[in-house]
Every structure is written in C-alpha cells, then in structure tokens.
Amino acid sequence: MVGDPHGIPHPIVWIGKLIARLDAALLGDIPAEKADPETRDKAAEHRKGLLLVLIVITVTAVLTAIIMYTAYRISPVAGVIVEAILTCYLLAQTSLRRESMKVYRELKDGTLDSARKAVSMIVGRDTQVLDEKGVTKAAVETVAENFSDGVFAPMLYAAIGGPVLGLTYKAINTMDSMIGYKNDRYMWFGTAAAKLDDAANYIPARLSALLLIAASAVSGRDYNASRAFRIWRRDRTNHKSPNAAQTESAAAGSLGLQLAGDAQYFGKIVRKPFIGDKTREIEAFDIVRVNRLMTAASFIGFALCMLGIYLAAYITAR
C-alpha cells in the first residue's frame, strides 16, 4: 500500500550498480574478432557469470544481515523500523499499479503517442508500432506477469527469511533482468543468472497463478475463476520461460482475454504463442480490471503469508 519509500537510497539500485560493475570487470567489452560464437571461450564465460552470481548473492545477503543485526542491537524499535523499510523496498505492487495506470489515463485522456511512451516505461518491446489495443495488451500483460516476481515472490521469501532472503531474491531477479538474456553478449555469461532466476521463481509463479484464480472468485462479475483455472491449466507453458506464462494465463482466463502472441523487439518480430481465448475484445479499462485482480490476489497472498508466520511462531513456541 505504501510503495517504495522516496528520498532515501534504494538498495535495488545499489544491487544494479554492483551487477553492472561486475559485468564490466568480468566480461568487459567483447572485441569484434571474438564476437563469433565459434571463437568464444564458452566455459570461461560460464564460470565468470557464475562468479558474478555468487558475489552478488553473498554481498547482498551479508550486508542485509549486518544492517538488520545492527538495527536490532540498537533497539527492538529501530530493528522493526529498519525491517519495515527494507520490506517496503521488496514489494512492487504500488509501483506496478501506479505505472500501469498512467498508461490507462493516457489512453483515456491523452494521445496514442503519450500512451505508447507511458507503456514503454514498463515493457521491453517496441512500443512505437503499437495501436491502442496493443498498448493496452502490453500493460495488462506486464501487470499479470510481474505480479509473481514483483509482488508475491518477494513477499513469500520475506515471510520465510525476512529482508535478508527477500533482498537476496530481488538480487537474483535483478541479475536476470540485466544479464539473463540469450543475446550475443550474455549467451553464456548470463546463463547462471537466468537459471537461478527460473529456479527461484518456480514455486512462487505457480502459487501466484493460484492466487489470481482465487482472487477471481471474490472480485466480482468482471472475473471468472473457473475459466481462469481452465486457461491456466491449458496455456501455462505457452512461453519460453517456465514461469512467465503462469500468471499471464490465469489473468487472461479470468478476464476473458487473449494475450501474448507475436511482438516486436529491437526491430525484429518475435513469434510467440497466444495465451487465453478471445472471449471479447480488449479495452483500456482492462488495465483497471487487472490491477484490481492483482490487488485482491496480493491481499490473499499477504493473509496466507501472515498465517504461515503465525503458525511457525506457534509451533516454535510450543
């Protein structure tokens, strides 16, 4: 509900800067004569990528643990305040809703160009070629997909291991977003980061999909839980990533939309299978609908995490 605290340094930004520096130090510039995949030392790049992952995880976990330990040594109140602030940094629900709703407002009150610019801030595809429906679909897909790694996954890890485990997860997620690409530069260097992110998100992504289905049952007549479950079961593997289509398929089924399909990235068309059935045409208000669905799922997830913490404390106390 609060979102990222403003006016104080953001640890995710620091993690990103660490990743960028290690990227430059370990991989550096790739000379033209070594750009050919056949001349690259793939094993060495794999090892360097794994070293980057180990350094980032270790630094993040250790520094967060030191901060937490120091705060609680000062006083329990200081510890709770620091822990609350660090936890706020983990959860992107408010930021995700705020940025996607900017797209909705531009579609309703602005121009198509302004809507394209707004959606370009939250998606990686080429937005200058999108029409109104394309802009809307991109925003809906982003909210649905990022509910897992931006909201519930860090919430779950924080419930299990506090800010130490929560920020370690965010470090894994940030590494994947920065170097986990199958392009000429990161094909081998980014493999460890990408695979670790897949592993870290495997269970949270599936739980997130179930939360969206549960939220569909309590969010009103705009949503359909049985259809969400059916489409999730059918289309949850319609993506190269083992996790990305989990929440997207549940949201598509709930709203009765057809999402995904071909998209343009850096001037090239990337072929993707569709997710969901085209029960109706997508409209700008679907951005509002998917945000309401995400919010309901977030509160259900939060209640379950709190219940888990309470039961763990009760069992431990006994």
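Residues numbered from 1 in each chain as written. Predicted model: local features only at pLDDT ≥ 70, side-chain atom pairs only at ≥ 80, totals over all residues. Heavy atoms only, no water.

(A) Region of the structure containing the overall build of the protein. The helix and strand inventory of the protein stands at 10 helices and four strands. Its C-alpha atoms give the protein a radius of gyration of 21 Å, within 12% of the compact-globule value 20 Å for 318 residues. For the protein, the spread of C-alpha atoms along the three principal axes comes to 65 × 55 × 35 Å. Per-residue burial over the protein gives 46% buried out of 318 residues. Element-wise, carbon and sulfur atoms account for 62% of the exposed surface of the protein, whose accessible area totals about 16,500 Å². (Helix = DSSP H or I, 4+ residues; strand = E, 2+ residues; numbered from the N terminus. Rg over C-alpha atoms; globule rule 2.2 N^0.38 Å. Buried < 20%, exposed > 50% of the residue type's maximum accessible area, 1.4 Å probe, protein only. Areas by Shrake-Rupley, 256 points an atom, 1.4 Å probe, with all protein chains shown as cover.)

(B) Region of the structure containing a nonpolar patch on the surface. Taken together, the side chains of Leu 304, Leu 307, Tyr 310, Leu 311, Tyr 314 and Ile 315 make up a nonpolar region of the molecular surface, amounting to roughly 660 Å² of accessible area. Tracing the chain through its elements places Leu 304 in helix α10 (residues 286–317). (Patch = residues over 30% accessible without salt bridge, like charges linked within 9 Å, V, L, I, M, F, W, Y side chains within 5 Å. Salt bridge = Lys/Arg side-chain N within 4 Å of Asp/Glu carboxyl O.)

(C) Structural detail: the side chain of Thr 136. Note on placement: Thr 136 falls in helix α6 (residues 132–179). On the basis of relative accessibility, which here comes to 2%, the residue Thr 136 falls in the buried class. In contact with Thr 136, other than residues within four places in its own chain, are Leu 107, Ile 282, Glu 283, Ala 284 and Ile 287. (Contact = heavy atoms within 4.5 Å.)

(D) Region of the structure containing helix α8 (residues 225–235). Burial in α8 covers these residues: Arg 227, Ala 228, Ile 231, Trp 232 and Asp 235. Angularly, the buried residues of α8 cover 135° about the axis, an arc narrow enough to put them on a single face. (Arc of directions from axis to C-beta.)

(E) The pattern of salt bridges, seen in detail. Taken as a whole and judged by the stated rule, the model has 12 salt bridges. Put simply, Asp 222 and Arg 289 hold a salt bridge, and the shortest N to O gap is 3.3 Å. Taken as a pair, Asp 222 in the loop between α7 (191–218) and α8 and Arg 289 in helix α10 lie far apart in primary sequence, 67 residues in all. The residue Lys 278 makes a salt bridge to Glu 281 at a minimum N-O spacing of 3.3 Å. A residue is classified by how much of its surface remains accessible, and Glu 281, at 41% relative accessible area, is partly exposed. Among the ionic contacts, a cluster of salt bridges with common partners joins Asp 222, Arg 280, Glu 283, Asp 286 and Arg 289.

(F) Spatial organisation of the side chain of Ser 254. With respect to the secondary-structure elements, Ser 254 resides in helix α9 (residues 244–255). Judged by its relative accessible area of 0%, Ser 254 falls in the buried class. Within the structure, Ser 254 has its side chain in polar contact with the side chain of Ser 216 (distance 2.7 Å). Among residues more than four places away in sequence, those in contact with Ser 254 are Ser 216, Asp 222, Tyr 223, Asn 224, Arg 227, Ala 228 and Leu 293. (Polar contact = N/O pair within 3.5 Å; in protein donor to acceptor, adjacent residues only side chain to side chain.)

(G) Focus on the nonpolar core. One finds Val 103, Val 119, Val 140, Phe 147 and Ile 287 to be the most contacted residues of the largest nonpolar core, which totals 49 residues. Residue assignment for this core shows that the elements contributing at least two residues are α4 (93–109), α5 (112–120), α6, α7, α8, α9, β1 (259–260) and α10. For this core, the element with the highest residue contribution is α6, accounting for 11 residues. If we skip the residues at most four places from it in the chain, Phe 147 touches Leu 96, Phe 152, Ser 208, Leu 211, Leu 212, Thr 247, Met 294, Ala 297 and Ser 298. Counting 26 residues, the second largest nonpolar core, distinct from the first, contains Ile 12, Ala 158, Tyr 169 and Ala 171. (Core = buried A, V, L, I, M, F, W, Y, C linked by side-chain atoms within 4.5 Å.)

(H) Structural context of the environment of Pro 9. Along the chain, Pro 9 falls in the segment before α1 (11–26). Residue contacts for Pro 9: discarding those within four places in its chain leaves Trp 14 and Tyr 89.

(I) Geometry of the packing of α7 against α10. Direction vectors running N to C along α7 and α10 enclose 110°, while the axes themselves pass 8 Å from each other. Between α7 and α10, the crossing angle belongs to the class labelled roughly perpendicular. Our pair here, α7 against α10, has a crossing hand that is right-handed. Here Leu 211, Leu 212, Ala 214, Ala 215, Ser 216 and Val 218 of α7 come into contact with α10, specifically with Leu 293, Met 294, Ala 296, Ala 297, Ile 300, Gly 301 and Leu 304. (Axes fitted to C-alpha atoms, helices over the stretch in contact; angles between N-to-C directions. Parallel < 35°, antiparallel > 145°, perpendicular 65-115°, else oblique. Left-handed = near helix turned anticlockwise from the far one by under 90°.)

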